[in-house]
Structures are given as C-alpha cells and as structure tokens.
Amino acid sequence: MHVVEDKLLKNAAIIVAAGSGLRASAPGVRRPKQYAPIGGRPVLTQALSVYAAHPAIHAILVVIRPGDEALYAEAAKTIDVKGLLPAVTGGSTRQLSVLNGLRALKPMAPARVLIHDAARPFVSQAVIDRVLAALDSHKGAIAALPIADTLKRGHNGLIEATVDRASLWGAQTPQGFHFAEILAAHEAAAEAGQTHFSDDAAIAEWRGLEVALVEGAAENWKITTPEDLARAEREWRALNGESPPAFETRTGSGFDAHAFGPGDHVALCGVKIPHEAGLQGHSDADAPLHALTDALLGAIGAGDIGDHFPPSDPRWKGAASSLFLAHARDLIAQRGGHIINVDVTILAERPKIAPHREAMRACIAETLRLSLDRVGLKATTTEGLGFTGRREGLAAFATVSVSIPVFRKA
Ligand code: MG
C-alpha cells in the first residue's frame, strides 16, 4: 500500500513560462506569447489545464519571468488547479529558469518530473502518458517526432549538403526525468558554467544519462511567431468543437507631417532617397510609415505611435520606422487578426516619389507580410499651397482595413 501511494504521489510537472516574448516582435512588447489568449484563455492556462487534468500529475509548478507576476496571477485564476505550487521566477536563460523550478521542488522530493514549455498548449494526456511510461525503464524520456522534411544544410542561401534525416528527431516537451538525476545534472551544468543548453534532454545527455525518445504529436507544436497565435486559435476551436471565430473588418486612419531640415536624404516608406534636405524628427522621420503605423494602431484601438515608442526614449533616436510598423503588425497578429490592405498618400512637392514608388510598396509589403496588390501608394503635390507647397516639409495620410476576430465574453 505504501509503495503504491508513494508512486501515486510523486510525479511533478514544471511548466516553463519564463520566455521574454515573441521572437518576431519589436522591443517594448509587454505581453509575452504565453499570456496571449487562445480560446479566450492565456496560452499558459491551456497547457496548465492539461497537466492539471492528468491523474498521475500531483504537483505543478510554473516558472515565470520576473515582472510577469500580475500576468501570471491573472492567468492562474482562470482555472482551478489542484496541487499548483506558488510560481517561481526564472533566470536569464531557459536552462536557469528550469533549474529554479527544480530547486523549488526539491523539498517535495518527487520521484519524477516532467518539464514542459508553456508555448506548447496542445500537449495531450496521451503524450504525457507515453513519457511517464518510458520513465519506468529509463532515467529520462522526451516526446519527439521523426523529421518528415528533407533537410538541407545551407550557407548564404545556397545548399551545401543534404542531411540524412533517417535518425533525426524533432524534440518536443514534455521531457521527463527521474527527479534527483535531472536536478543533479542541472546543478552540475550550472556549476560548470554551461548555461546555454536549449532543452533539458541536452543537459541529461551532457551528464551521460540515457534518454528515451517517445512518440510526440504533431498537434504538440510550439507557438513561436505572432502569426502562430491565429493558427493556435483555429486549432483550439477545432479541438473543442467550436466554430471558427467570426471576423469583423476594421478601418483605421493616420496622418503625419515632418519638416525639412539639414541633410542630404529623406526616408520615405523605408526607402532612402537622396534629397537637398533631410526630414527632422526623433526617429528617421519617415512620415508615411508613421501615418501607416498610426492607422494600424487606430484600427485596433491601440493608441498611437507615441504611446508605444515615446520620443523621450533614446532607444528610438534615429530608429528605422519599419520597426514601428512591424510592432503594429505584431499587435494585430497577437489579436488573431490580419491586415487586409493599406493605402498611403504622400503630400510633397519634392522629392519626386514616382521613381521610388515600387521600392516603397515592396518595402511596406515585406514589413507587413502582404502581397503587393494589398499595398496602395500614391503621391501628390499640393499645387504650391500650404506648408508642403512651400516645401517646408511633407505630409502623409494612410488608411487601412484590418480583419479581427470577434470574441463574445463568456
Ligand atoms: Mg512622425
């Protein structure tokens, strides 16, 4: 009886939610992907709920990023998880974050621990079962899938070699281990100053532990880019038998002007154009991109460019304005939305826009990941009237359409 009870009470899970955010996002994005909503709940909560529902997991600990305490509290209160331990804060790398989690579990001395990335919300009970089962005969076991694609080694965009994929696997999480062994391996790695292992199996390997490969699942993919969140939402709905979200079309508009000043070129829509004057501004003063960024922010009610990139912040001095545009794009993607089309009008006597128009459209299309036919760009003079007519500066308008999912509050 005692033995059975021991075994039943000794499986812990660590959910790693200490990542700093979305790989593709601009600096200053405050909400990391693990707190973005899918199915109306944070990504982290989805992963947490799978472990909470597993009968053989008895304690769960989440490792969060310092400063994310409020986001975590908000996420954690949406579900009731038995055996949820107080969150611990992570370190400067994923590896050090896991180590903090393992140390926090040490007083409980669980026999086994499963380590899982919060950004894999579609992990299933079956995958967890397989990893746990393999731990009966191995010190470590990870969910993994054989690589389906033919693999190429490349250099400067050219193929150098085709890599034999026959023995290659893509590692997923959970990665499960006998607790004492993985803690010792992590402590030894940290002590040896080896702190950049990308997963826990790599640390086990480094320590000489045998780690089994067990069948993962294609659904158990990792949310990485802002666009992945829209895919995650669709898959969550499919898994939960819910109809795809309804979308509504939003419109946004933006305006900006900058004065000419000393200089020999201007930046317009990301294109550097030689000119007898420059444009004055804190960033690169790319007025059409500022107008376009404001239009995108306006379409989702997310304030204006100055709210996200204050001119008082030295980080944005001389910054390329495509950075601001990419940020607005990511905010839309994080809401599960996408941009339908954008249309920009530049008001300027000089420089002549026509010779650069296609380069400008291409630059906007690339930053917003749109096809060219969704990017309108026109230029006009003001017939000598007003400040643009007097060549004191130039101005730009932008209008955008954005498609955004409509969620009814439960
Ligand atoms: Mg501006």
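Counting restarts for each chain, with residues numbered from 1 along the sequence as it is written. Whole-chain, interface and lining totals are the exception, using all residues; otherwise, since this is a predicted model, local features are given only for residues with pLDDT of at least 70 and side-chain atom pairs are given and counted only at 80 or more. To obtain the side-chain values, all non-hydrogen atoms of the structure were included, while hydrogens and water were left out.

Brief notes about helix H9 (residues 287-299)
Between its first and last C-alpha atoms H9 spans 18 Å; for 13 residues at 1.5 Å apiece the expected length is 18 Å, and the two agree. A helix here means a DSSP run of H or I that spans at least four residues, while a strand means a run of E at least two residues long, and both kinds are numbered starting from the N terminus. In the segment just after H9, glycine 301 is the residue with positive phi, at about 65 degrees. Take the residue count of a helix, subtract one, and multiply by 1.5 Å to get its expected span.

Considering the pairing of strand S12 (residues 246-261)
Sheet faces and side chains relate simply in a regular strand, where the side chains alternate between the two faces. The pairing of S12 with strand S18 (residues 393-406) spans 14 bridges and is antiparallel. The residue of S18 that forms the bridge with serine 253 is threonine 399. In this sheet, strand S15 (residues 278-279) lies alongside S12 in antiparallel orientation, the contact comprising 2 bridges. From the neighbouring strand, glycine 261 faces S15, where its bridge partner is glycine 278. When DSSP finds two or more bridges between a pair of strands, those strands are recorded as paired.

What about the coordination of the magnesium ion?
Counted as donors are the N, O and S atoms within 2.8 Å of the metal, or 3.2 Å for Na, K and Ca, while water is not among the atoms, so some sites may look incomplete. For the magnesium ion, the full set of protein donor atoms is Asp256 (OD), His258 (NE2) and His290 (ND1), and the range of their distances to it is 2.1 to 2.3 Å. Written as a sequence motif, the donor residues of the magnesium ion are D-x1-H-x31-H. The same class applies to aspartate 256 as to histidine 258, namely buried. Burial classification: accessible surface area is computed with a 1.4 Å probe over protein chains only, and a residue below 20% of its type maximum counts as buried, one above 50% as exposed, and the rest as partly exposed.

Examining the packing of aromatic side chains
To describe a pair of aromatic rings, one takes the distance between the centres and the angle between the planes. When two rings of Phe, Tyr or Trp (its six-membered ring) have centres within 6.5 Å they constitute a pair, described as stacked for plane angles under 30 degrees, edge-to-face for angles over 60, and tilted for the intermediate range. Taken as a whole and judged by the stated rule, the model has 6 aromatic pairs. Judged by centre distance (5.8 Å) and plane angle (55 degrees), the ring pair of phenylalanine 197 and tryptophan 206 falls under tilted. Among the aromatic residues, those joined into a ring-pair cluster are Phe309, Trp316 and Phe324. Sitting over a ring, as applied to charges here, requires NZ of Lys or CZ of Arg to be within 6 Å of the ring centre and within 35 degrees of the ring normal. Looking at arginine 231, its charged tip hangs above the ring of tryptophan 221, at a distance of 3.6 Å from the centre.

Quick word on the sheet that holds strand S10 (residues 169-178)
On the basis of which strands lie adjacent, the open sheet formed by 7 strands has the order S5-S4-S1-S6-S10-S7-S11 and mixed pairing. Every interior strand has two partners, whereas the edge strands, strand S5 (88-89) and strand S11 (211-215), have only one. Pairing of strand S7 (residues 140-146) with S11, which is carried by 5 bridges, proceeds in the parallel orientation. Paired with alanine 144 across the bridge in S11 is glutamate 215.

Focus: the pattern of salt bridges
Each reported salt bridge corresponds to a side-chain nitrogen of Lys or Arg within 4 Å of a carboxyl oxygen of Asp or Glu. In total, this model carries 18 salt bridges according to the counting rule given. Arginine 94 is paired through a salt bridge with aspartate 200; the nearest N and O atoms lie 3.1 Å apart. One end of the pair, arginine 94, is in helix H4 (residues 94-105); the other, aspartate 200, is in helix H7 (residues 200-206), and 106 residues separate them in sequence. A salt bridge links glutamate 233 to arginine 237; its shortest N-O distance comes to 2.8 Å. Separated by 4 residues within a single helix, glutamate 233 and arginine 237 lie in helix H8 (residues 226-239), roughly one turn from each other.

Considerations on the environment of lysine 33
For lysine 33, the position within the fold is in the loop between strand S1 (11-17) and strand S2 (37-38). Judged by relative accessible area, which is 11%, lysine 33 ranks as buried. Linking lysine 33 and leucine 229, residues 196 residues apart in sequence, is a C-alpha distance of 8.1 Å.

Re the nonpolar core
Proteins that are soluble and globular tend to have nonpolar side chains buried together. Core analysis: the biggest nonpolar cluster contains 42 residues, and Leu292, Leu296, Val342, Met360, Ile364 and Leu368 have the highest contact counts within it. Counting residues per element, the ones that place at least two in this core are strand S13 (265-268), strand S14 (271-274), H9, helix H11 (322-334), strand S16 (338-347), helix H12 (357-368), strand S17 (375-380) and S18. In what follows, residue pairs with any heavy atoms lying within 4.5 Å of each other are defined as contacts. If we ignore the near neighbours within four places in the chain, the residues touching leucine 368 are Leu292, Leu296, Leu325, Arg329, Ile339 and Val342. Residues belong to a common nonpolar core when they are buried Ala, Val, Leu, Ile, Met, Phe, Trp, Tyr or Cys residues joined through side-chain atoms within 4.5 Å.

Details of unusual backbone geometry
Proline 174 follows threonine 173 through a cis peptide bond whose omega is 15 degrees. Mapped onto the elements, proline 174 comes out in strand S10. For the bond running from arginine 350 to proline 351, omega is -5 degrees, close enough to zero to count as cis. Even without being a glycine, arginine 391 presents a positive backbone phi close to 60 degrees. Of note, arginine 391 is situated in the loop between helix H13 (386-389) and S18. Look at arginine 391 and you get partly exposed, because its relative accessible area is 43%.

Quick word on the environment of arginine 130
For arginine 130, the position within the fold is in helix H5 (residues 125-134). By relative accessible area, arginine 130 is classed as partly exposed at 29%. In this structure the C-alpha to C-alpha distance between arginine 130 and proline 314, which are 184 residues apart in sequence, comes to 51 Å. The residues contacting arginine 130, other than those within four sequence positions of it, are Val214, Glu215 and Gly216.

Considerations on the confidence of the model for the protein chain
The predictor's confidence in any single residue is recorded as pLDDT, a number from 0 to 100. In the predicted model, the protein chain carries a mean pLDDT of 91, and 94% of its residues have values of at least 70. Below a pLDDT of 50 lies the segment residues 1-8, which in the model reaches 4 contacts outside its immediate sequence neighbourhood of four places, other chains included. Long-range and interchain partners of residues 23-28, a stretch whose pLDDT sits below 50, account for 13 contacts in this model, where long-range means more than four residues apart.

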